[in-house]
Amino acid sequence: MKVTVANQKNLQVVGNLLSAARDWHLATTPEVWPVFPLEAISRDIAEERVYLFSIDSIYVATVTITETDPLIWDGSEDPAFYIHKLATRRDYAGQGLGATILEWIKGHALRSQKKFLRLDTWATNARLKKYYEKQGFAHIRTKSFPVDSPLPDHYRGASMNLFEMALVEDVLYQMRRELSYGL
């Protein structure tokens with residue numbers, strides 16, 4: 001699998017992958033991503049946060065990675081990558097593509113000297129909770145957002161599961177983190 005940083009020429013490809021993932025979610029779960037405006041995707045691409053994954057020159061997945069997410073993670077300044085908008089083509093489902101992408105992100109994070117990977121999902125999505133726990137993420141807490149939250153619409157009034165994967169070997173550091181989250 002080849003990994004590239006998306007550029008503006010890939011805007012429609014990223015948009016199509018996200019739209020297809022949204023359509024599949026509409027058919028399978030009550031919680032769905034919003035339609036992501038191309039302008040928002042374009043901003044993420046301009047900030048070099050969007051990655052594309054291809055197999056045999058076919059784009060099969062995308063993910064957006066940020067280094068901060070203060071409104072969801074309460075202003076945490078830990079060195080972390082925050083995973084957003086991980087979407088894969090349905091015709092590649094069941095081949096371990098998501099797990100492979102998460103392993104790539106983990107390696108990228110370690111090379112970038114990050115100590116954590118973090119992500120969020122709807123609290124009611126038990127299937128995704130089980131999936132991310134199987135991939136090595138720990139459920140840190142469930143967080144509810146007020147209806148007047150400054151976050152995008154799909155967070156307003158929602159409860160989200162926050163997941164974290166520790167990438168550090170420093171046992172004392174990890175123990176302090178676990179105590180701060182009450183684990």
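Everything in this summary refers to the structure shown in the same document. These numbers come from a predicted model, not from an experiment.

Concerning the side chain of Glu164
Logical step 1: Structurally, Glu164 is set in strand E7 (residues 159-166).
Logical step 2: In this structure the side chain of Glu164 is engaged in a polar contact, spanning 2.6 Å, whose partner is the side chain of Arg118.

Quick notes on the sheet that holds strand E3 (residues 58-66)
Logical step 1: Spatial ordering of the open sheet is given by E1-E2-E3-E4-E5-E7-E6, a layout of seven strands whose pairing is mixed. Looking at the sheet topology across the chains shown, the edges are occupied by strand E1 (2-5) and strand E6 (138-144). Here the average twist between neighbouring strands, direction ignored, is 30°.
Logical step 2: Sheet analysis places strand E2 (residues 50-55) next to E3, joined by six bridges and oriented antiparallel. Counterpart to Tyr51 in the pairing with E3 is Val63.
Logical step 3: Against the sheet, helix H3 (residues 97-111) engages E1, E2, E3, strand E4 (80-88), strand E5 (116-122) and E7, with an angle of about 155° to E4.

How each quantity is defined
- Residues numbered from 1 in each chain as written.
- Predicted model: local features only at pLDDT ≥ 70, side-chain atom pairs only at ≥ 80, totals over all residues.
- Heavy atoms only, no water.
- Helix = DSSP H or I, 4+ residues; strand = E, 2+ residues; numbered from the N terminus.
- Polar contact = N/O pair within 3.5 Å; in protein donor to acceptor, adjacent residues only side chain to side chain.
- Pairing = 2+ DSSP bridges.
- Axes fitted to C-alpha atoms, helices over the stretch in contact; angles between N-to-C directions.
- Contact = heavy atoms within 4.5 Å.

The quantities given are spatial measurements derived from coordinates; they are silent on function.
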